[in-house]
Amino acid sequence: MKKVALITGITGQDGSYLAEFLLSKNYEVHGIVRRVALEDEIRRLWRIRKIIKDITIHAGSLDSYARIFNIVQKVKPDEVYHLSAQSYVGYSFEDEFSTLNTNINGTHYILSATKELISKNIRFYFAASSEMFGKVEETPQNEKTIFHPRSSYGISKVTGYYLTKNYREAYKLHASNGILFNHESPRRGFEFVTRKISSGAARIKKGLQKELRLGNMKSKRDWGHAKDYVEAMWLMLQQDKPGDYVIGTGEGHSVEEFAKKAFEHVGLNYKDYIVLDKNLVRPAEVDTLLADSSKAKKNLKWKPKISFDELVANMVEYDLENVDKF
């Protein structure tokens, strides 16, 4: 009998790759999608258009506990992957209230609904974030590093992390936290700096754009490919015991390095096209995030397969081929 998986945020970067991965493992895949206007829905579903006939979509909002409860009861999943969130850190400074409301209440609702099926030995995954570390106390960061979030997004993820941990301890739910460091791909949203750079380099190469405006070029991140990271999510839920895992490459690269490699890939010098814009610098910046994934490597036998250079090339090549479609 096929295992059944339910994914919140299935239309996003991680959700789409995870759905494809689970289908390759012969899962029955269900996803929750917020109902919107038809033209917006078509645009939002572009990441899963190739698998749309192979999965089951349920219309629902994480703002409604009743709807989430009904979906979970109907699907009766073996595994729940909670990926949905307002995940753009920059926007969380503009609208703290909706970021906190959506991310905290949504996580609480899906956990509570999942708990009601605990007799089924259901397994739960929460998409935590390296932004929880914020103003880091130590480098690299592991599962024991103290959290010091620097945005409402980071704060909401810390809350979700502890909610998940509480449901694990109080209700014996097989619930795991994946503390994923930055992971990118050609499916990354255009509001994120990596996609802004890859698409900007492609558009400038094609003569569709003259400059690229960026904020803090010195900020360093641990960047991996989303394809690798969704496998780590799945591996967490295959363990006998739930747990918390840091997932990253262990390599740090600055925004400037990312830009340099992206422009080099199209035969251009990034210094000729990038304009520093102080308006794009966050009110509270996180300077360096670097993962220590020793626990995941030991317990999950997981390690990233796609290098930083391959990631940048993959994103730029995709944008070169599709620059006229966006």
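Residues numbered from 1 in each chain as written. Predicted model: local features only at pLDDT ≥ 70, side-chain atom pairs only at ≥ 80, totals over all residues. Heavy atoms only, no water.

A. Expanded view of the packing of aromatic side chains. Overall, the coordinates contain 15 aromatic pairs when judged by the stated rule. Taking 6.0 Å as the distance between ring centres and 45° as the angle between the ring planes, the aromatic pair formed by Tyr65 and Phe69 counts as tilted. Here Phe69 and Tyr65 lie together in helix 3 (residues 65-75), a separation of four residues that amounts to about one turn. Given a relative accessible area of 30%, Tyr65 falls into the partly exposed group. Accessibility expressed as a relative area gives 27% for Phe69, which makes it partly exposed. (Phe/Tyr/Trp six-rings, centres within 6.5 Å; stacked < 30°, edge-to-face > 60°. Helix = DSSP H or I, 4+ residues; strand = E, 2+ residues; numbered from the N terminus. Buried < 20%, exposed > 50% of the residue type's maximum accessible area, 1.4 Å probe, protein only.)

B. Up close: helix 11 (residues 308-322). Here helix 11 is 15 residues long and its end C-alpha atoms lie 21 Å apart, about the 21 Å a rise of 1.5 Å per residue gives. Buried within helix 11 we find Phe308, Leu311, Val312, Met315, Val316, Asp319, Leu320 and Asn322. Looking at the buried positions of helix 11, the neighbouring elements they touch are strand 7 (183-184), helix 7 (193-205), strand 10 (224-225), strand 12 (253-254) and helix 9 (255-265). (Expected span 1.5 Å × (residues − 1). Contact = heavy atoms within 4.5 Å.)

C. Structural detail: the nonpolar core. In this structure, Ile7, Leu22, Tyr81, Tyr125 and Ile247 are the most contacted members of the largest nonpolar core, which totals 34 residues. Sorting the residues of this core by element identifies strand 1 (4-8), helix 1 (13-24), strand 2 (28-33), strand 5 (123-129), helix 8 (226-237) and strand 11 (244-247) as the ones contributing at least two each. The residues contacting Tyr81, other than those within four sequence positions of it, are Ala5, Leu6, Ile7, Thr8, Leu18, Leu22, Tyr125, Met233, Trp234, Leu237 and Gln238. Within the second largest apolar cluster, 31 residues are counted, among which are Val72, Leu117, Phe126 and Ile179. (Core = buried A, V, L, I, M, F, W, Y, C linked by side-chain atoms within 4.5 Å.)

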